Amino acid sequence: MEVPNAEQTASLLSLAVYSFLDPVVFLAYKIPHLSHDQLPPLADYDYTKELKANSFPHLDPFAGGKKQHLFWGLMRTFRREYITLAIMLVVSAGAGFVSPIGIKELLRYVETRGEGATIRPWFWILWLFVGPTVGSLAWQWYIFIATRTLVRAEGILTQLIFEHSLRIRVKAETEPGSSSASPGPSTPSPSGIDYVSSSPLPDDDSEEGSTTAHQGSSTEGTLHASSSSIKSADSKKGQPPQVSETEGSSSADNLVGKINNLVTTDLSNITDARDFLMVTSQNGYRMYK
């Protein structure tokens, strides 16, 4: 059986003052290098498979999630955490009223010399001590929950982005290969032409016959060349339009750039908005004050 994380077995007081981290801090102080196997084990609810099982049904449409805005999926995944954050903000904002109320009641007691006072001054002195302490604990617990939610959200969204990228089929339109130049239409050899050997000049009848034979063979060669050119053009029409290798590589680089942008800049922008509850609580507190 694996040893549980100290956070899972720590008391409320230990969680409040982070004393469950003291063994790790003192061990790192004693030795020159703290290896990874000397760190406390990961809590079972922070494992990737556990986070995926709890979040993907709300975020991933391929895992049964609804096609909705990412904000609502994250709110369903971290609903307990944000309920706790809202309560801590209310407590922290309410603690801001403790000091003014305590000072007011103490000054009233001094002014009236205790006439008609139902609450003794020691209560207001204790009130001035307990109020800011509770407010500080609530604020620190808010930071603890918000930071843990931040780390979990980054892991979940990174897993979601890369699983979607694996579903994308990057199909190259052309494969790089040896490009051979297409041979042009070859001119047929005049095989039908009868060459005349060097002999005495023929008479008029023989000259007319050789001229007729030469014209007939030239016409036959021209027709053969034209038919081969038509066949070559028809074969080119049936082939799909070829895309250059530069265009294919730029398209793949563009897709990789989009994925990198999602897991860096866009992910940081999403997680930076985790404190949106403070807009309502803090502004309401200041307006009332």
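Rules and cut-offs
- Residues numbered from 1 in each chain as written.
- Predicted model: local features only at pLDDT ≥ 70, side-chain atom pairs only at ≥ 80, totals over all residues.
- Heavy atoms only, no water.
- pLDDT = per-residue confidence, 0-100.
- Helix = DSSP H or I, 4+ residues; strand = E, 2+ residues; numbered from the N terminus.
- Contact = heavy atoms within 4.5 Å.
- Core = buried A, V, L, I, M, F, W, Y, C linked by side-chain atoms within 4.5 Å.
- Buried < 20%, exposed > 50% of the residue type's maximum accessible area, 1.4 Å probe, protein only.
- Phe/Tyr/Trp six-rings, centres within 6.5 Å; stacked < 30°, edge-to-face > 60°.
- Salt bridge = Lys/Arg side-chain N within 4 Å of Asp/Glu carboxyl O.
- Axes fitted to C-alpha atoms, helices over the stretch in contact; angles between N-to-C directions.
- Parallel < 35°, antiparallel > 145°, perpendicular 65-115°, else oblique.
- Left-handed = near helix turned anticlockwise from the far one by under 90°.
- Nonpolar A, V, L, I, M, F, W, Y, C, P; charged D, E, K, R; others polar.
- Polar contact = N/O pair within 3.5 Å; in protein donor to acceptor, adjacent residues only side chain to side chain.
- Patch = residues over 30% accessible without salt bridge, like charges linked within 9 Å, V, L, I, M, F, W, Y side chains within 5 Å.
- Areas by Shrake-Rupley, 256 points an atom, 1.4 Å probe, with all protein chains shown as cover.
- Arc of directions from axis to C-beta.

## Remarks on the confidence of the model for the protein
Any segment with low pLDDT has predicted coordinates that should not be analysed in fine detail. For the protein, per-residue confidence averages 74 on the pLDDT scale, and 67% of positions sit at 70 or higher. Highest mean pLDDT in the protein belongs to helix α3 (residues 22-30) (92); lowest belongs to helix α9 (residues 204-238) (47). Residue range residues 170-175 is modelled with pLDDT below 50. Its contacts to residues more than four positions away, or to other chains, number six contacts. Within the model, pLDDT remains below 50 along residues 177-237, and this stretch shows 10 contacts once partners closer than five positions in the same chain are excluded.

## Points about the nonpolar core
The biggest cluster of nonpolar side chains holds 20 residues, and the ones touching the most others in it are Phe-78, Leu-85, Tyr-142 and Ile-156. Secondary structure elements with two or more residues in this core: α4 (48-59), α6 (79-95) and α8 (121-167). Among the elements that take part in this core, α8 stands out by supplying nine residues, more than any other. In contact with Ile-156, not counting residues within four places along its chain, are Leu-51, Ser-55, Phe-56, Leu-59, Thr-77 and Phe-78.

## Observations regarding the packing of aromatic side chains
In this structure the tally under the stated criterion is 11 aromatic pairs. Among the aromatic residues, ring-to-ring pairing joins Tyr-18, Phe-20, Trp-141 and Phe-144 into one connected group.

## Examining the pattern of salt bridges
This model, assessed by the stated rule, comprises five salt bridges. Residue Lys-52 is joined to Glu-163 by a salt bridge in which the shortest nitrogen-to-oxygen separation is 2.8 Å. Taken together, the positions of Lys-52 in helix α4 and Glu-163 in helix α8 put the pair 111 residues apart, joining distant regions of the chain. For Glu-105, the salt bridge is made with Arg-108, and the minimal N-O distance between the two is 3.9 Å. Of this pair, Glu-105 and Arg-108 both sit in helix α7 (residues 98-112), three residues apart, which is roughly one turn of the helix. Via salt bridges that share partners, Asp-46, Glu-81 and Arg-152 belong to a single interconnected network.

## Let's talk about the packing of α4 against α8
Put simply, α4 and α8 touch, their axes get as near as 10 Å, and they point 70° apart. By the angle between their axes, α4 is roughly perpendicular relative to α8. Judged by the twist between their axes, the crossing of α4 over α8 is right-handed. Residues Thr-48, Leu-51, Lys-52, Ser-55, Phe-56 and Leu-59 of α4 lie in contact with α8, whose contacting residues are Arg-152, Ile-156, Gln-159, Leu-160 and Glu-163. Counted by class, the contact of α4 with α8 contains five nonpolar, three polar and three charged residues.

## Regarding unusual backbone geometry
With a phi close to 60°, Tyr-18 is a non-glycine residue in the positive phi region. Here Tyr-18 lies in the loop between α2 (12-17) and α3. Owing to a relative accessible area of 30%, Tyr-18 belongs among the partly exposed residues under this scheme.

## Re the side chain of Ser-165
Tracing the backbone shows Ser-165 in helix α8. Given a relative accessible area of 17%, Ser-165 falls into the buried group. A polar side-chain atom of Ser-165 sits 2.7 Å from the main-chain carbonyl oxygen of Phe-162.

## Observations regarding a nonpolar patch on the surface
On the surface, Ile-83, Ile-87, Val-91, Ile-119, Trp-122, Phe-123, Leu-126, Phe-129, Val-130 and Val-134 cluster together into a nonpolar patch covering about 910 Å² of accessible area. Those elements that provide at least two residues to the nonpolar patch are α6 and α8. Summarising the element assignment, Ile-83 is placed in helix α6.

## Regarding helix α5 (residues 70-77)
For α5, the full list of buried residues reads Gly-73, Leu-74 and Thr-77. The arc enclosing the buried residues of α5, seen along the axis, measures out at 95°, which places them on a common side.

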